[in-house]
Amino acid sequence: MKMKFVYVAIAISLGVVSLKAQQKAVYLDDNQPIEARVKDALSRMTLEEKVKLCTAQSKFSSHGVPRLGIPEIWMSDGPHGVREEILWDSWGNAEWTNDSCTAFPALTCLAATWNPQMSAIYGKAVGEEARYRRKDILLGPGVNIYRTPLNGRNFEYMGEDPYLASKMVVPYIKGLQSNGVAACVKHYALNNQEVWRGSIDVQLSDRALYEIYLPAFKAAIVEGGSWSIMGSYNKVRGQHACHNDLLLNKILKGEWKFDGCVVTDWGGAHDTKEAVFNGLDIEMGSYTNGLSSGKKFAYDDYYLASAYLKGLKDGTYPMSSIDDKASRILRLIFRTAMNRNRPWGSFTSDEHYNAARTIAEEGIVLLKNESAKKKEAILPLNGNKYRSILVVGENAIRRLTEGGGSSVLKVKKEVSPLAGLQAKFGDKVKYTMGYASGKPVYDREVAPDFNTDSLHAEAVKQAANADLIIFVGGLNKNNFQDCENADRKSLALPFGQTELINDLLKVNKNMVVVLLSGNAVEMPWIKNVPSVLQAWYPGSESGNAIANIITGEVNPSGKLPFSFPVKLEDNAAHSFGAIAYPGDGVKEEYKEDILVGYRWHDTKKIPALFPFGHGLSYTQFKYGKAIADKKDISGTEEITVTIPVKNVGNVKGKEVVQLYIGDEKCSVIRPVKELKDFQKIELAPGEEKIVSFKVGKDALKFFNETLHDWVVEPGAFKVYIGSSSTDIRSIVNFVFN
Ligand code: GLC
């Protein structure tokens, strides 16, 4: 009897063993909850394997766990498309032939749409391209606030206002991550210039930090659910942002409860102890130990590599630190590379080109549009009225998806402005370059190959005989002209464009200026140029989008995401000497505090050349009187403000109705008004819509440094509703008790 029992017991235990063996290990099972997979994987890993997860293994990949079949993480720049393949261990291009992508418009153009739906379309499409290229993290979007027009990377960001950037970044991240590709919102934080970007130590108040520079990152993490975030190169209050106790432990992982991965900017780590204790998870770089570059394959020298392992073994660093980092990295892997339910993506499809063109069309801003002889405006352009249209400017033919630094793209297609105009107007269109720049190189300016005087003279000569001039200029992502690692040196248009525009106007006043740039530029000729378009860097469909706007096939509806100052000194960051910009080489003080952009122009009564939120249409919108349903509110009550908006022109158009809040009396300085809501509506000719906004306590708050919290002080407030930050059409007063 006893023996029989033994046999049965053995049989059962064998059965259990084989059942367990057949059962997939929890971490390998897609149907298991991610946290269970993380826990299971962690329990199977050695200390060495956990530490390996925390560092790069190549230029754009970090370690997996080969023994357990846990894949590597593959990353790629962003944010405007998927960068071409880079060599394993140098910044050189791999010269593949299957990685020419779709270039979507630069993010200032996306912000200029003031349309979160465009942002959702953008994120989904660029995520499909990243997924198709087998990338697990797309290094973007960028949401650093536009503090100075000289910042070389403003074109990669979403403007000067924290509310607009917050609203526009969330749908991009959700769309991107719907493909099972992680966003990596960047550069966290206070990377608002490129001069001394690797070391400048930014000093600023808590109010400026919380009211201006953090909101877009907070929205990206808390509302957007970004699975990773990139630390910036600079320091904040004395500590490098990539291992900064305040930014990473207290705010990001503390207040915002971030469960994803903090990734350095490339070579952004500088200290093992800080990296271990101050919230860094993955250290990326270019064979550098963070201090010196050029040591080949120095990945083992990385701050989170052998030094960290050694410290864990000898007890300098607690095991809890590596378990937290490894858990976050595993969570990222299970959300991306080991998520078998994610879609397969797509690449350079018509759908993506249509998305790129639609976003560009919605983002192009009509700054000015009058007639040369006080008749009807020049735009939209009626081709039948002109025998000859002269297109002038190197930007009419230059590939602007090139240059600019890490956001550079190798594209399958880029329709130039000239090609777009020729497609519309045929051989009525003549072209002359007019001005020229050197080719895009990374760390210096190169002289143009042309004789610029003869280009200039030839353009003036041809302009005298043309019916209309379309000047296509701006910046071009060359060094110092909207480029990473090199701020601009002035607000002026480069390469002799200002002089050329003035000389062209002397022989022909019938001119449209199309500016391609990611930044504001000076326009001393503005009074004499009847029509001006701000067309950003529109990407693969550039020429088609610009031509559709010029002909009126699409009615422009973009609004400026940042102010265009008349001159550099009118900008806040340039009003407090070198210590406020670019700093003294060691530190920099944001002396303008919360008064950034239109907050400065409004409060200091310095009119902008073109204000934040400005953008014209080919139709006109009449606003009625704003009405509030209450005179006062308290606690969690909300005011409903309604306003009729009517299209009184004769073409369909979209208008961005903007709502700003002004605190009439407060114990601390507050801007005259701050953007707290907007709605983009489409109206047919003669159509009227009642636009309705809800205003609650959150829209009234400011950050109280003593309480370290957002508060609202009872008193009188104004609701400003308008078509730009200065074009206010109606005001409502109310009291918060
Ligand atoms: C660059 C940029 C960052 C980019 C990274 C990888 O230095 O600052 O935006 O994603 O390195 O190219």
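Residues numbered from 1 in each chain as written. Predicted model: local features only at pLDDT ≥ 70, side-chain atom pairs only at ≥ 80, totals over all residues. Heavy atoms only, no water.

## Comments concerning the overall build of the chain
Selection rule: Secondary structure elements follow DSSP: runs of H or I of four or more residues count as helices, runs of E of two or more count as strands, with numbering from the N terminus. Residue exposure (1.4 Å probe, protein chains only): buried if accessible area is under 20% of the type maximum, exposed if over 50%, otherwise partly exposed. A contact between two residues is defined here by any heavy atoms of the two lying within 4.5 Å.
Counting secondary structure elements, the chain contains 18 helices and 28 strands. Over its C-alpha atoms, taken along the principal directions, the chain stretches across nearly 110 × 65 × 55 Å. Looking at the chain residue by residue over its 737 residues, the buried ones come to 62%. A separation threshold of at least 6 residues defines the contact pool for the chain, and within that pool the share at least 24 residues apart is 75%.

## Some points on the pairing of strand β14 (residues 468–474)
Put simply, side chains in a regular strand alternate between the two faces of the sheet. To keep it simple, the criterion reads: Two strands make a pair as long as DSSP finds a minimum of two bridges between them.
In terms of burial, β14 is largely enclosed, as seven of its seven residues are buried. Of the two faces of β14, the one lined by L468, I470, V472 and G474 and the one lined by I469, F471 and G473 are each fully buried. In this sheet, β14 lies alongside strand β12 (residues 389–392) in parallel orientation, the contact comprising four bridges. By the bridge assignment, V392 is partnered in β14 with F471.

## Notes on the packing of aromatic side chains
What counts is decided by this rule: Only Phe, Tyr and Trp rings take part, Trp by its six-membered ring, and two of them pair if their centres are within 6.5 Å. Stacked means planes under 30 degrees apart, edge-to-face means over 60, and tilted covers everything else.
In this structure the tally under the stated criterion is 27 aromatic pairs. Both rings, one in F60 and one in W91, keep their centres 5.8 Å apart while their planes meet at 80 degrees; by these two values the pair is edge-to-face. With F60 in the loop between β1 (56–58) and β2 (61–62) and W91 in the loop between β3 (73–77) and α4 (107–112), this pair connects stretches of sequence that are 31 residues apart. Judged by its relative accessible area of 7%, F60 is buried. For W91, a relative accessible area of 41% gives the class partly exposed. Consider the rings of F104 and Y122, whose centres lie 5.4 Å apart with planes at 40 degrees: the pair is tilted. Of this pair, F104 sits in the loop between β3 and α4 while Y122 sits in helix α5 (residues 116–132), placing them 18 residues apart in sequence. Residue classification places F104 among the buried positions, given a relative accessible area of 2%.

## Some remarks on empty space enclosed by the protein
The following threshold applies: For each structure, a 1 Å grid was placed over the protein atoms alone; sets of points admitting a 1.4 Å probe that cannot get out are labelled cavities, open sets with protein on both sides within 12 Å along at least five of seven lines are labelled pockets, and lining residues have an atom within 4 Å of a point. Grid points are joined across faces, edges and corners, and a volume is the space filled by probe spheres set on the points. The residue classification treats Ala, Val, Leu, Ile, Met, Phe, Trp, Tyr, Cys and Pro as nonpolar and Asp, Glu, Lys and Arg as charged. All others, Gly included, are polar.
For the structure on display, the rule yields four cavities of 30 Å³ or more. Space inside the largest cavity adds up to approximately 110 Å³. Looking at the largest cavity, it is lined by 20 residues, and the ones nearest its centre are L400, T401, Y537, P538 and G539. Here the residues of the lining of the largest cavity sort into ten nonpolar, seven polar and three charged.

## Things to note about the site of the ligand
To keep things clear, this is the line we draw: Nearness of a residue to a molecule or strand requires only that one of the residue's heavy atoms be within 4 Å of it. Definition of a polar contact: a pair of N or O atoms within 3.5 Å, with one able to donate and the other able to accept a hydrogen when the atoms are protein atoms, and with sequence-neighbouring residues admitted only if both atoms are side-chain atoms. Values of accessible area rely on a 1.4 Å probe in the Shrake-Rupley scheme; residue burial ignores everything except the protein chains shown.
Inspection of the region around the ligand gives 15 residues, with D77, R153, H187, Y233 and D265 positioned closest. Interatomic distance of 2.5 Å between a side-chain N/O atom of D77 and an oxygen atom of the ligand. The separation between an oxygen atom of the ligand and a polar side-chain atom of R153 is 2.8 Å. When the ligand is considered free in solution it has 310 Å² of accessible area, and contact with the protein chains removes 98% of it. Counted by class, the shell around the ligand contains six nonpolar, two polar and seven charged residues.

## A short note on a nonpolar patch on the surface
Using the following cut-off: Patch membership requires over 30% relative accessible area and the absence of a salt bridge. Like charges are linked within 9 Å, and nonpolar side chains (Val, Leu, Ile, Met, Phe, Trp, Tyr) within 5 Å. What makes a salt bridge here is a side-chain nitrogen of Lys or Arg within 4 Å of a carboxyl oxygen of Asp or Glu, nothing more.
Together, M3, F5, V6, Y7 and I10 line one region of the surface with nonpolar side chains, adding up to about 540 Å² of accessible area. If you trace the backbone, V6 turns up in helix α1 (residues 2–22). Its relative accessible area of 33% is what places V6 among the partly exposed residues.

## As for the pattern of salt bridges
Under the counting rule described, the total for this entry stands at 58 salt bridges. For E49, the salt bridge goes to R67, with nearest N and O atoms at 2.7 Å. With E49 in helix α3 (residues 47–52) and R67 in the loop between β2 and β3, the pair connects residues that are 18 residues apart, well separated along the chain. Here E589 ties to K587 by a salt bridge, and the two come within 3.5 Å at their closest N and O atoms. Overall, E589 belongs to the partly exposed group, its relative accessible area being 23%. Overlapping salt bridges bring together R153, E156, E194, R197 and E484 as one network.

## Side note on the packing of helix α13 (residues 350–363) against helix α17 (residues 542–551)
The condition is simple: The angle between two axes is taken between their N-to-C directions and runs from 0 to 180 degrees, where each axis is a line fitted to C-alpha atoms and a helix contributes only its stretch in contact. Any angle that is under 35 degrees is reported as roughly parallel, and any over 145 degrees as roughly antiparallel; angles of 65 to 115 degrees are reported as roughly perpendicular and all others as oblique. Rotating anticlockwise by less than a right angle from the far helix to the near helix defines a left-handed crossing, while the corresponding clockwise rotation defines a right-handed one.
Contact pair α13 / α17: the axes reach a minimum separation of 9 Å and the direction vectors enclose 45 degrees. By the angle between their axes, α13 is oblique relative to α17. The two elements α13 and α17 cross, and the hand of that crossing is right-handed. Side by side, α13 and α17 meet where R357, A360 and E361 of the first sit next to N544, A545, N548 and I549 of the second. By residue class, the composition of the contact of α13 with α17 is three nonpolar, two polar and two charged.

## Considering the sheet that holds strand β4 (residues 137–139)
Strand order in the open sheet made by the seven strands is β1-β2-β3-β4-β5-β7-β10, with mixed pairing throughout. Where the open sheet ends on each side, the last strands, each with one partner, are β1 and β10 (261–263). As defined by bridge partners, strand β7 (residues 228–231) adjoins β10 across three bridges and the pair is classed as parallel. Among the inter-strand pairings, M230 is bridged to a residue of β10, identified as V263.

## A word on helix α6 (residues 162–177)
Applied cut-off: The span you would expect from a helix comes to 1.5 Å times its residue count less one.
Taking 1.5 Å of rise per residue, 16 residues should cover 22 Å, and α6 covers 22 Å from first to last C-alpha, within 8% of that figure. The element α6 is largely enclosed, with a buried count of 13 among its 16 residues. Its side-chain oxygen placed 2.8 Å from the backbone nitrogen of Y163, D161 serves as the N-cap of α6.

## A short note on the sheet that holds strand β13 (residues 429–432)
In spatial order, the strands read β11-β16-β15-β14-β12-β13; together these six strands make up an open sheet with mixed pairing. Single-partner strands in this sheet number two, and they are β11 (365–369) and β13. Going across the sheet, the axis of each strand differs from the next one's by a mean of 20 degrees, ignoring polarity. Relative to strand β16 (residues 531–534), strand β15 (residues 511–516) runs parallel, the two sharing four bridges. Counterpart to V514 in the pairing with β16 is L533. On the sheet, helix α16 (residues 497–507) packs against β12, β14 and β15 and is oriented at approximately 170 degrees with respect to β14. Taken strand by strand, α17 contacts β14, β15 and β16, and its axis lies near 150 degrees from that of β15.

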